[in-house]
Amino acid sequence: MTVVSRRTTLGAALLALCTTAAWAYPDKPVEWVVPYPAGGGSDVVARTVGEQMAKSLGQTVIINNKPGAGTNIGADYVAKSKADGHVMLTADTGTLAANPWLFSKLSYNAEKDLAPVGLIARFPLLLVVNPQNVPAKNWKEFRLWAANQPTLNYASPGTGSPHHLAMALLREKTGIAAGHVPYRGAAPAVQDVIGGQVPFMFLDTAAAYPHILSGKLRAVGVASPARIKTFADIPTLDEQGLKGFEAYAWQGLVVPTGTPAPVVAQLNKALQEALAHTTVKARFQVLGLESLGGTPEQMKAYWQREQAKWGEVIKAANIKLD
């Protein structure tokens, strides 16, 4: 006669419950919350990847834009949602790495309330200038030009944005004195650089692409360790003498903490399949994005490294949002 302990019975029951949950998932459309307005880089990425994930999941993926408060509105909504895998969030540099340092109080705790599914992509940043107002064509010329300006300002999509933090890091490493002019999003910031109201900024590849092609903006350097295929003729800041300089806007997919592990695994599988799809890869290449992928554990490790890095920059620059 086989004797089954109570612990074994309980373990088997829990395993069966998880297996049933994973087998039934998803049983309705999956909501993908993007904490930015429709039409921006993050929205384009979510729609591109979400379309392919829907095929793997067998359910529609609905994009829900919830912009505002430096991604905190969308993050809070997802953190408080039911942990069943039917609500997920584009979480980026701000959500996971910067906001815990920028805000003294948050209505959610990213470490405790959000669980990683997998990294999506990195948006390399370009140091771009208005070619009509700034004669510099490379980093050396830009630094010389900046040093000879009586006053100097730069634009960003907002205080605490990856673009702003990249400039804070540049100031820390080089001593360039420049005032920050924050905007409500990349679009108005870019328009004022193009219009000549502000001479330069850091801009992600997705937003910079059409303006560099049209000649309205000039990139003097890439803030990544290697050149970008889409902009292969633009040298990195590192190879131009600014050794070790690296700044990205990056994003990953998260769900509410407590989402069953089999469901997270299923979402991760769908994400990896989407990132490997030729349509997604082609779109990312055009936008100059670096596909990342990987496991939830790899995303968590990356998130923690980025939080430590940008925490030091934020503290050194004394940047606060409340």
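The structure this text deals with has already been given above.
Residues numbered from 1 in each chain as written. Predicted model: local features only at pLDDT ≥ 70, side-chain atom pairs only at ≥ 80, totals over all residues. Heavy atoms only, no water.

Engineer: Before we go on, may I ask you to explain the packing of aromatic side chains in this structure?
Structural biologist: Centre distance and the angle of the planes are the two values used to describe a pair of aromatic rings. If you walk through the whole model with that rule in mind, you get eight aromatic pairs. Taking the centre distance of 6.5 Å and the plane angle of 90° together, the rings of W145 and F200 count as edge-to-face. Here W145, found in helix α6 (residues 139-147), pairs with F200, found in strand β7 (residues 200-204); they are 55 residues apart in sequence, far enough to count as distant. A residue is classified by how much of its surface remains accessible, and W145, at 13% relative accessible area, is buried. A residue is classified by how much of its surface remains accessible, and F200, at 0% relative accessible area, is buried. Aromatic ring contacts, followed pair by pair, group W139, F142, W145, Y154 and F200 into a single cluster. (Phe/Tyr/Trp six-rings, centres within 6.5 Å; stacked < 30°, edge-to-face > 60°. Helix = DSSP H or I, 4+ residues; strand = E, 2+ residues; numbered from the N terminus. Buried < 20%, exposed > 50% of the residue type's maximum accessible area, 1.4 Å probe, protein only.)

Engineer: What exactly am I supposed to notice about helix α12 (residues 296-317) here?
Structural biologist: Turn by turn, an α-helix covers 3.6 residues, leaving residues three or four places apart pointing in a common direction. Its 22 residues place the ends of α12 31 Å apart at the C-alpha level, agreeing with the 32 Å of an ideal helix rising 1.5 Å per residue. On its buried face, α12 sits against α4 (93-102), α5 (110-113), β4 (114-129), α7 (162-174), β9 (248-256) and α10 (261-275). Immediately downstream of α12, the backbone of N318 shows phi near 55°, a positive value. (Expected span 1.5 Å × (residues − 1). Contact = heavy atoms within 4.5 Å.)

Engineer: Could you clarify how one ought to interpret the packing of α7 against α12 in this entry?
Structural biologist: For any two helices packed against each other, the geometry is given by the interaxial angle and the distance between the axes. In contact at an axis separation of 10 Å, α7 and α12 are set at 70° when each is read in the N-to-C sense. Between α7 and α12, the angle falls in the class roughly perpendicular. α7 and α12 meet at a crossing whose hand is left-handed. Across the interface between the two elements, L165, A166, A168, L169 and E172 of α7 pack against K309, W310, V313, I314, A316 and A317 of α12. Partitioning the contact of α7 with α12 into residue classes produces nine nonpolar, no polar and two charged. (Axes fitted to C-alpha atoms, helices over the stretch in contact; angles between N-to-C directions. Parallel < 35°, antiparallel > 145°, perpendicular 65-115°, else oblique. Left-handed = near helix turned anticlockwise from the far one by under 90°. Nonpolar A, V, L, I, M, F, W, Y, C, P; charged D, E, K, R; others polar.)

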